[in-house]
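# Observations on chain architecture
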Amino acid sequence: MRLGLFDSGIGGFTILKKVIELCPNNSFIYLADTARLPYGVKTTNEIKKIAEEISYWFSYQNIDAFLVACNTTNAIALDVLKKNLDVPVFDLIGSAASTIQESRVGVLATPSTVKTKAYTNAILEFKPNTYVIEQPCPEFVPMIEMNNVNSDEITEVATRYLQPLLKQKIHSLILGCSHYPLITPLLTEILPSSVKLIDPAEALALNLKLFMDLKTNNYSKKKNLVDLKFYVTSNLKNFPNKANHWLNVFPEVNLVSLQKKGWVS
Ligand code: DGL
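These notes cover the structure that comes with them. Keep in mind the model is a prediction, meaning the values are calculated, not measured.

### A few points about the site of the ligand
As a structural note, the neighbourhood of the ligand is formed by 13 residues, with Ser-8, Tyr-39, Gly-40, Asn-71 and Thr-72 the closest of them. Here an oxygen atom of the ligand sits 2.8 Å away from a polar atom, N or O, in the main chain of Ser-178. His-179 places a polar side-chain atom, nitrogen or oxygen, 2.8 Å from a nitrogen atom of the ligand. Expressed as a share of its isolated accessible area of 300 Å², the protein-covered part of the ligand is 99%. Taken together, the residues of the shell around the ligand sort by class into 5 nonpolar, 7 polar and 1 charged.

Here it is, written out as structure tokens:
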């Protein structure tokens, strides 16, 4: 299958990785809207416009399914993506919310995601008595994009973000921005071992696998036949190094303009 996914930058790598682990024999088209990173401090109207442009571009890429690898767009503009794409759309927030077992849940997310309370609302739909506390983390994405993931500075920031959640005695913590699993080692160091970390990419990948098993019915035994194509909206030079660092691939990366009309696949 040909799968499309997007993020503002490298956050979607965490979804790509989980999906490749579970569903290896597929082609992936990864779009990083680097020109407009970070998404997490943008307004609802800005994110909706971005979602329109991204879904329009993907509608010309001949994909079989679409993975929303960005929580901010998931929280604000899932309806826009679903309306414009005539393929199945797999999302992070709904997928993760349906798997929550704990009664006290923390969520780390971008300020724009937290404003929507999308995680709280989705969890309460499945488990109405859950206590959910959401923490906006504006400093994380720029630091992670700069590979500043192992410094006193980010440790201090993470400790500050986690403090209110730990005060509320959370049992689990949802990484509600796709960039955050890239700092799992740091978060694990700060959190007590009793707090379970939840990466929504796992639930998304599982839903996708269930769908594919039903759809294809001929699961290939051959492993690791992964075809990856990357597109960025700026910073063509830096992206291959980032992909190499986090995914251990050195892909060809193409520059696209999402405002251009008349795409060819
Ligand atoms: N990684 C995206 C998310 O899951 C966007 C982060 C950003 O660009 O601020 O929210």
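There's more to say after this.
### Considerations on unusual backbone geometry
Across residues other than glycine, the phi torsion is negative in most instances, and most of the peptide bonds are trans. With an omega of 0°, the peptide bond running from Leu-37 to Pro-38 counts as cis. Its place among the elements puts Pro-38 in the loop between β2 (27–32) and α2 (44–58). Of note in the backbone geometry, Asn-62 takes a positive phi value of approximately 60° without being a glycine. Within the element layout of this structure, Asn-62 appears in the loop between α2 and β3 (65–68). The class for Asn-62 is exposed, based on a relative accessible area of 56%. The phi torsion at Asn-147 lies on the positive side, around 60°, for a residue other than glycine. By the element assignment, Asn-147 lies in the loop between α7 (140–145) and α8 (152–167).

### What to know about helix α3 (residues 71–84)
Between its first and last C-alpha, α3 extends 18 Å over 14 residues, near the 20 Å set by a 1.5 Å rise per residue. Of all the bends in α3, the greatest measures close to 85° and is centred on Ala-77. Every buried residue of α3 is listed here: Asn-71, Thr-72, Thr-73, Asn-74, Ala-75, Ile-76, Ala-77, Leu-78, Val-80 and Leu-81.

### What about the nonpolar core?
If you look at the biggest cluster of nonpolar residues, it comprises 96 residues, and the most contacted ones within it are Phe-6, Val-19, Phe-58, Phe-66, Leu-108 and Phe-140. Apart from residues lying up to four places away in sequence, Val-19 is in contact with Leu-3, Pro-24, Phe-28, Leu-67, Leu-204, Ala-205 and Leu-208.

### Some details on the pairing of strand β9 (residues 227–232)
Sheet analysis places β2 next to β9, joined by 6 bridges and oriented parallel. Residue Ile-29 lies in a different strand from β9, and its bridge partner there is Lys-229. Where β9 and strand β10 (residues 253–255) come together, 3 bridges link them in parallel fashion. The residue of β10 that forms the bridge with Tyr-231 is Asn-254. This β-α-β element, β9 to helix α11 (residues 239–247) to β10, shows right-handed connectivity.

### Thoughts on the packing of helix α1 (residues 13–22) against helix α10 (residues 200–216)
At a closest axis distance of 9 Å, the pairing of α1 and α10 adopts a crossing angle of 40°. Here α10 runs oblique to α1, going by the angle between their axes. Seen from above, α1 lies across α10 with right-handed handedness. Of the residues in α10, those touching α1 at Thr-14, Ile-15, Lys-18, Val-19 and Leu-22 are Ala-201, Glu-202, Leu-204, Ala-205, Leu-206, Leu-208 and Lys-209. Here the contact of α1 with α10 is composed, by residue class, of 8 nonpolar, 1 polar and 3 charged.

Definitions and limits used
Residues numbered from 1 in each chain as written. Predicted model: local features only at pLDDT ≥ 70, side-chain atom pairs only at ≥ 80, totals over all residues. Heavy atoms only, no water. Near = heavy atom within 4 Å. Polar contact = N/O pair within 3.5 Å; in protein donor to acceptor, adjacent residues only side chain to side chain. Areas by Shrake-Rupley, 256 points an atom, 1.4 Å probe, with all protein chains shown as cover. Nonpolar A, V, L, I, M, F, W, Y, C, P; charged D, E, K, R; others polar. Helix = DSSP H or I, 4+ residues; strand = E, 2+ residues; numbered from the N terminus. Buried < 20%, exposed > 50% of the residue type's maximum accessible area, 1.4 Å probe, protein only. Expected span 1.5 Å × (residues − 1). Bend = angle between axes of the 7 residues up to and from the residue. Core = buried A, V, L, I, M, F, W, Y, C linked by side-chain atoms within 4.5 Å. Contact = heavy atoms within 4.5 Å. Pairing = 2+ DSSP bridges. Right-handed = clockwise from strand over helix to strand, strands pointing away. Axes fitted to C-alpha atoms, helices over the stretch in contact; angles between N-to-C directions. Parallel < 35°, antiparallel > 145°, perpendicular 65-115°, else oblique. Left-handed = near helix turned anticlockwise from the far one by under 90°.

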